[in-house]
Structure formats: C-alpha cells, structure tokens
Amino acid sequence: MLGAPALRLCAAPQADTSGNEKLADDLFIIRVPGEAAVVAQTSSNGVLLVDGGSAAGSDAILKAVAALPNGSAKIHTLFNTHWHPEQTGSNEKLGMAGTTIIAQENTRLWLGQNITWPWNGRKFKKLPKIAQPNKTFYDKGTLDSGIRYGYIPDAAHTDGDLYVFFPQQNVLAVGDAAYGQGWPVVDYWTGGWIGGIAGGLQRILSIANKDTKIVPAVGPVLGYADITAQADMYGMIYDRLSQMLNKGRGPTEAVEAKPAKEYEAKMGNPDEFIRRAFESLWAYLSPDA
Ligand SMILES: [Zn+2]
C-alpha cells in the first residue's frame, strides 16, 4: 500500500451556500475561508464547538454557527484540540460569555505563557485568564450527552492534542493530529514530533472504525483508509529519518536524501516538513537531548 494514493471513501460533502458542511442533522463543519475547520453540534441547549477559529475569524465563525439549522449564539461548550491560535481565537469572547472551555491540561499550560518558535521567530502571546480553558483533563472524559473526548498522548502535533468523538454520528474530530491536505506543521517546541505523527494516526485508527468520518482542522473530511495510508507514509518517513539520525546525519542531509520522494507528487514539496521532522527527533531520540 505504500505510495498508493489515499482513498476517499466518504460521500461527497454536503455544502450549503454558506460553505458549511453537514455531517448529520445536528452536526456541521463551519468552513470560513482562511480558517481551520470548526465542528458545531446543535441542540436545544445551545451549541457545542470543537475549536473556534482564529481571533480574526471569530466573528464570522460565531455568526455562521448562529445561522445553522437549530443554531444559536449560545455556545455551552468549546473544545480546544490544541493551543495554536488557529484553534483558540474564540476563547476570550466565549470565556467571557461563560462557555465551558475544555482542553487537555498541557494545552492550558501553553496558553498561559508566551511562546516563540525558534525556527521562524513567530511569537504567541499568552491568553488572558478568562480566555484560558476552564475545564481540563489528563486522559479522557464523557459529557452528559454521550460525547467522548480524550488525550492523544503521542504528541502528534503538540503535547496537548485531544480528540472529540460523536458516537451517534460516528464523527471523530482530531484537530491537527491528522492533516487533510499538505504536509503538517511539526511544532517540536511544544512537543510535536515525527514519531508522534505516526503514533497519533495509529491511535486515531484505534478510536475510529471503518465508517467513521474523521475531521481534521485542515482539508477535507477523511476516512479510515485515508488515515491508514497516512500512518503508513509517516511511519516510513519516521523510520528513514531515525536511521539517518543514528548515522550521525543532520537536517540538511536529511532533506537532500529525499526521504519522502515517492509521496512528493501527491503531497507537494516536503523540504520544510522534513527539516523540522528531523529536528523533532533531536528532542526525543538524541542521547544528549
Ligand atoms: Zn496546529
């Protein structure tokens, strides 16, 4: 199966004129251009969201949520799949409105401090207290509505990744623990690494079944076969990079060795991804790390 294109088993998405995508009668993906996916579950008690977009996109997203069938401006629960600002930009507004903001404990810790990425100097300001997650967990939990959520401890993308599983609709929201298009960001500064990408995808397979719709933050809805193909691909790249590390090679040599060459036609230029993925091994595998 290696190198085989990912199969798209899901039915074509039902997009209405707003660009929203219907997963079930009460479950939608809000798609605002330039924003990461936001999953919204409507009910008579208000709306539950998985991720809230960026601060710049927050107004448009919340407006789209209120306009859903049975939608509402009342958001009772917000999950943060991880700390990145593409996911946590509605936290302040919703925190002030009294929303329960659920995150894995590590995500709360990252949101409470200033962060600078060493590879490009990008700076992130800590969130004010009201915007920080107000309900955290370490392992997993279940809401009264039956929705299950849990930690993805592999550090696929950060060290605070969570999933949210909607059993009735058989939908699994995974944030950036899986990518629907392009090479992933390897945020090794807050714990993500190439071994975790491969491990996180295996974990997603262990939570999902063959019919589960898997919703990544970026790109289209994925099926079980898509995640299986990705797990194979990242597992292969992880093995190749680990072997190079063990031979004492560095990131530039890793990029030049083209360890993702059979995937480039489908996935695009991997150089930045490979460089960062290699650097992420230092944090996890180097004897002197
Ligand atoms: Zn992210």
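Before reading on, note that the structure itself is shown above.
By convention here, each chain's residues receive numbers from 1 onward along its written sequence. At least 70 in pLDDT is required for a residue's local features to be given in this predicted model, at least 80 for side-chain atom pairs to be given and counted, and no such filter applies to totals for whole chains, interfaces and linings, which use all residues. In computing side-chain properties, one takes all heavy atoms of the structure into account and sets aside hydrogens as well as water.

**Describing the coordination of the zinc ion**
Then, number 1: At the metal site, the zinc ion is ligated by H82 (NE2), H84 (ND1), H157 (NE2) and D176 (OD), and these contacts range over 2.1 to 2.2 Å.
Then, number 2: Geometry at the zinc ion is irregular, judged from its four donor atoms and the angles of 92 to 172° they form at the metal.
Then, number 3: Note that water is not among the atoms considered, so a metal site may appear incomplete; the donors listed are N, O and S atoms within 2.8 Å of the metal, with 3.2 Å applied to Na, K and Ca. Within one chain, the residues donating to the zinc ion are spaced in sequence as H-x1-H-x72-H-x18-D. Linking H82 in the loop between β6 (75-79) and α2 (85-88) with D176 in the loop between β14 (171-175) and α5 (194-207), this pair joins segments that are 94 residues apart in sequence. Comparing H82 with D176 shows no difference in burial state: the two are buried. Working rule for geometry: tetrahedral if four donors all subtend angles between 85 and 135 degrees; square planar for four, octahedral for six, if opposite donors exceed 155 degrees and the others stay between 65 and 115; irregular in every other situation. Every helix listed is a DSSP run of H or I at least four residues long, and every strand listed is a run of E at least two residues long, numbered separately from the N terminus. Residue exposure (1.4 Å probe, protein chains only): buried if accessible area is under 20% of the type maximum, exposed if over 50%, otherwise partly exposed.

**With respect to the pattern of salt bridges**
Then, number 1: The salt bridge definition used is simple: a Lys or Arg side-chain nitrogen within 4 Å of an Asp or Glu carboxyl oxygen. In this structure the tally under the stated criterion is eight salt bridges.
Then, number 2: In this structure, the salt-bridge partner of D25 is K22, at a minimum N-O distance of 3.2 Å.
Then, number 3: D59 is the partner of K93 in a salt bridge, and the nearest nitrogen-oxygen pair spans 2.5 Å. Separated by 34 residues along the polypeptide, K93 in helix α3 (residues 91-96) and D59 in helix α1 (residues 58-66) bring together distant segments of the chain.

**Re the packing of aromatic side chains**
Then, number 1: Pairs were defined over the aromatic rings of Phe, Tyr and Trp, the Trp ring being its six-membered one, requiring ring centres within 6.5 Å. Orientation was assigned from the angle between planes: stacked under 30 degrees, edge-to-face over 60, tilted for the rest. Under the defined criterion, the tally for this structure stands at twelve aromatic pairs.
Then, number 2: Considering the side-chain rings of W193 and Y238, the 5.5 Å spacing of their centres and the 85° angle between planes classify their relative orientation as edge-to-face. One end of the pair, W193, is in the loop between β14 and α5; the other, Y238, is in helix α6 (residues 224-246), and 45 residues separate them in sequence.
Then, number 3: Exposure remark for W193: the relative accessible area of 11% places this residue in the buried category.
Then, number 4: An aromatic cluster of at least three residues, connected via ring pairs, comprises W83, W117, W119, F124 and Y188.

**Describing the environment of G95**
Then, number 1: Relative to the assigned elements, G95 resides in helix α3.
Then, number 2: A C-alpha to C-alpha distance of 42 Å links G95 and Y263, two positions 168 residues apart in sequence.

**Topic: α6**
Then, number 1: When the terminal C-alpha atoms of α6 are compared, their 33 Å separation across 23 residues agrees well with the 33 Å that a helix rising 1.5 Å per residue should span.
Then, number 2: Residue G248 follows α6 closely and has a positive phi angle near 80°. Under the convention used throughout, the expected extent of a helix is 1.5 Å for every residue step, that is, one less than its residue count.

**With respect to the pairing of strand β12 (residues 148-151)**
Then, number 1: In this analysis, strands are considered paired if DSSP registers two or more bridges between them. Sheet topology places strand β11 (residues 140-142) next to β12; three bridges connect them, and they run antiparallel. Bridging across to β12, G141 finds its partner in Y149.
Then, number 2: Here β11 folds back onto β12, and the loop between the two strands holds five residues, one of which, G146, carries a positive phi near 95°.

**Examining the sheet that holds strand β15 (residues 213-216)**
Then, number 1: Taking strand neighbours across the sheet as the criterion, the five strands line up as β11-β12-β13-β14-β15 in an open arrangement whose pairing is mixed. Each edge of the sheet is formed by a strand with only one pairing partner; in this case those strands are β11 and β15. Across the sheet, the axes of successive neighbouring strands diverge by a mean angle of 15°, strand direction being ignored.
Then, number 2: Sheet topology places strand β13 (residues 162-166) next to β14; three bridges connect them, and they run antiparallel. Paired with F166 across the strands is V171, a residue of β14. Between the N-to-C directions of two axes lies an angle of 0 to 180 degrees, each axis being a line fitted to C-alpha atoms and, for a helix, fitted only over the stretch in contact.

**Looking at the pairing of β13**
Then, number 1: β13 sits mainly inside the fold: five of its five residues count as buried.
Then, number 2: Every second residue of β13 is oriented toward a common face, with L162, V164 and F166 on one face and Y163 and F165 on the other, all of them buried.
Then, number 3: Here four bridges tie β12 to β13, and the two strands are oriented antiparallel to one another. Across the sheet, the residue bridging to Y149 is V164, located in β13.
Then, number 4: Between the antiparallel neighbours β13 and β14 lie four residues, among them N170 with a positive phi of about 50°.

**A closer look at the packing of α5 against α6**
Then, number 1: The contact between α5 and α6 brings their axes to 9 Å, and the two run at 155°. The orientation of α5 with respect to α6, classified from their angle, is roughly antiparallel. Along this stretch, α5 crosses α6, giving a crossing that reads as left-handed. Between α5 and α6, the contacting residues are I194, G195, I197, A198, L201, Q202, I204 and L205 on the first element and Y224, I227, T228, Q230, A231, Y234, G235, I237 and Y238 on the second.
Then, number 2: Three residue categories are used. Nonpolar comprises Ala, Val, Leu, Ile, Met, Phe, Trp, Tyr, Cys and Pro, charged comprises Asp, Glu, Lys and Arg, and polar comprises the others, including Gly. Looking at the contact of α5 with α6 residue by residue, the classes come out as twelve nonpolar, five polar and no charged. When an angle is under 35 degrees it counts as roughly parallel; over 145 it counts as roughly antiparallel; between 65 and 115 it counts as roughly perpendicular; any other value is oblique. Handedness of a helix crossing follows the sense of rotation of the near helix relative to the far helix, less than a right angle counterclockwise being left-handed and clockwise being right-handed. Note on contacts: a residue pair is in contact if any heavy atoms of the two residues lie within 4.5 Å.

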